Amino acid sequence: MLLILQSFGRIGLRGLMCALFQVLSFAVSANTTDVNLTGVSKSEQQAVLDYNDGPYIFITPQHLQAKSIRQGKVVTHVYPLNHINTSFAAEASEFKTAENIAAISDIHGQHKLFIQLLKAHHIIDHDDKWSFGAGHLVIVGDIFDRGPQVLDSLWFIFELEQQASAAGGKVHFLLGNHEYMVLLGDLRYLHANYRHTEKLLNQPYQALFNQETLLGRWLRSKSSVIKINDTLFVHGGISKALAERKLSLAEINNKFRQSLNLSRAEIKLNKQLAYLYASDGPIWYRGYFGDNKLQSNELNKILAQYQAKRVVVGHTSSNQVESHYSGKVLLVDSSIKKAESGEILLLNAEQTSRGLLSGKVKSL
Ligand code: ZN
């Protein structure tokens, strides 16, 4: 897989994935479907005719089906099942590294800012390829929803994690509340463009990421909370209520994976899983901030329970990367979702810094 990807050299990632699934001679069949636009307003017709998205890769018992939208037409290519690896082992929950760590969150479809920040801090090079060596990049949830370039970020991360592994580094894509919302069919925050995709592919958006899709399987292998050295990373945070359940990080991750086999209604009724999705669950919690925030001694107990010195979270939006509780809580949701600016957290054994969009580094 990696060799196939690398062989495309300088093609941009979206072009690359399209190339992988559309241009290669492995395709056993291809067809293009026109869209029925009767009953659709003129302006919407034009928007659909200009619209591009994909590829979305569906795994059927017989073959792989890659569906893309090109100028409002659905282009389908069919490939043998062994064309690409379609199974992904569950990610681990704990890691050790002596290398640099970077963390960023809440990209929400603002792919260009995401790329700019990674480039500004040499996580990727001018060709959008991994240049962070044996470093670890943690994406602390919420790639999905709000903005228009979600799929670009997903394919980019998909490829980047392979480049990172080859260099001895690691990309950790942690699932946030918006990943779980989409996977469980809560589409309240979906960007309007993806409504075109639903219409054109004739499928609800969540079906593009179900168990029988390449990205759906890949997403289901991801963790929601990890520890690297003595730092925890989780989208919302670990509340007192969650800590009192005395679950290991691996147990929390496994329960989340288990929950994705159920419907939202089933999760609500399941006492073993429902708390994961509560307002004090790890993907929704905001209790480290605001007027009624968690007491320092309670935070200390939570960190001690997980043998951690600090926790890095997203989900609660700020204008910059911030340090709270004397550096024991680091907030990385820098409001990239506003499509204006953003920051990345840079960590190593000596220092903790904010990485600015300009490339400047300021210690925290
Ligand atoms: Zn969130």
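Preceding block: the structure.
Residues numbered from 1 in each chain as written. Predicted model: local features only at pLDDT ≥ 70, side-chain atom pairs only at ≥ 80, totals over all residues. Heavy atoms only, no water.

J.: Honestly, the overall build of the protein chain in this entry has me stumped. Any pointers?
T.: Helix and strand counts for the protein chain stand at twelve helices and 16 strands. Taken across its 364 residues, the protein chain has 56% of its residues classed as buried. For the protein chain, restricting intrachain contacts to residue pairs at least 6 apart in sequence, the fraction spanning at least 24 positions comes to 66%. Looking at the protein chain as shown, the accessible area adds up to about 15,700 Å², and 49% of this sits on carbon and sulfur atoms. (Helix = DSSP H or I, 4+ residues; strand = E, 2+ residues; numbered from the N terminus. Buried < 20%, exposed > 50% of the residue type's maximum accessible area, 1.4 Å probe, protein only. Contact = heavy atoms within 4.5 Å. Areas by Shrake-Rupley, 256 points an atom, 1.4 Å probe, with all protein chains shown as cover.)

J.: Any chance you could explain helix H7 (residues 193-201) here in plain terms?
T.: Helical periodicity: at 3.6 residues per turn, an α-helix aligns residues three or four positions apart in one direction. Buried within H7 we find Tyr194, His196, Thr197, Glu198, Leu200 and Leu201. At its buried positions, H7 is contacted by helix H3 (42-49), strand E2 (53-59), strand E3 (63-70), strand E4 (73-80) and helix H5 (150-166).

J.: Just checking my understanding: could you explain the sheet that holds strand E6 (residues 101-104) for this structure?
T.: Remark on secondary structure: sheet strands pair via backbone hydrogen bonds, oriented parallel or antiparallel. Taken in spatial order, the six strands make up an open sheet running E8-E7-E6-E14-E15-E16, and their pairing is mixed. Pairing within the sheet leaves two strands with one partner each, and these edge strands are strand E8 (170-173) and strand E16 (361-363). When the angles between neighbouring strand axes are averaged without regard to direction, this sheet yields 25°. Pairing of E6 with strand E7 (residues 136-139), which is carried by four bridges, proceeds in the parallel orientation. Bridged to alanine 103 within E7 is valine 138. Relative to the sheet, H5 contacts E7 and E8, its axis offset from that of E8 by approximately 145°. (Pairing = 2+ DSSP bridges. Axes fitted to C-alpha atoms, helices over the stretch in contact; angles between N-to-C directions.)

J.: I tried to follow the sheet that holds strand E13 (residues 329-331) on my own but got confused; where do I start?
T.: With respect to topology, six strands assemble into an open sheet ordered E5-E9-E10-E11-E13-E12, the strand pairing being mixed. The open sheet terminates on both sides in strands that have one partner only, identified here as strand E5 (94-95) and strand E12 (322-324). Direction of pairing for strand E10 (residues 231-234) relative to strand E11 (residues 310-313): parallel, over a ladder of three bridges. The residue of E11 that forms the bridge with leucine 232 is valine 311. Strands in contact with helix H10 (residues 249-259) are E5, strand E9 (225-228) and E10; relative to E9, the strand with the most contacts, it is inclined by about 150°.

J.: For this particular structure, what's the right way to read the pattern of salt bridges?
T.: Close approach of charged atoms allows side chains with opposite charge to pair. Following the criterion strictly, the structure yields twelve salt bridges and no others. Between glutamate 198 and arginine 195 there is a salt bridge; the shortest N-O distance is 2.9 Å. Linking glutamate 198 with arginine 195, this pair stays in helix H7, spanning three residues, or about one helical turn. In this structure glutamate 198 comes out as buried when scored by relative accessible area, which is 14%. Overall, the relative accessible area of 36% leaves arginine 195 in the partly exposed class. A salt bridge links glutamate 298 to lysine 301, with the shortest nitrogen-to-oxygen separation between them at 3.7 Å. In this pair, glutamate 298 and lysine 301 both sit in helix H12 (residues 296-305), three residues apart, roughly one turn of the helix. Take glutamate 298: its relative accessible area is 15%, and that puts it in the buried class. A single network of salt bridges, built from pairs that share partners, joins Glu91, Glu161, Lys170 and Lys222. (Salt bridge = Lys/Arg side-chain N within 4 Å of Asp/Glu carboxyl O.)

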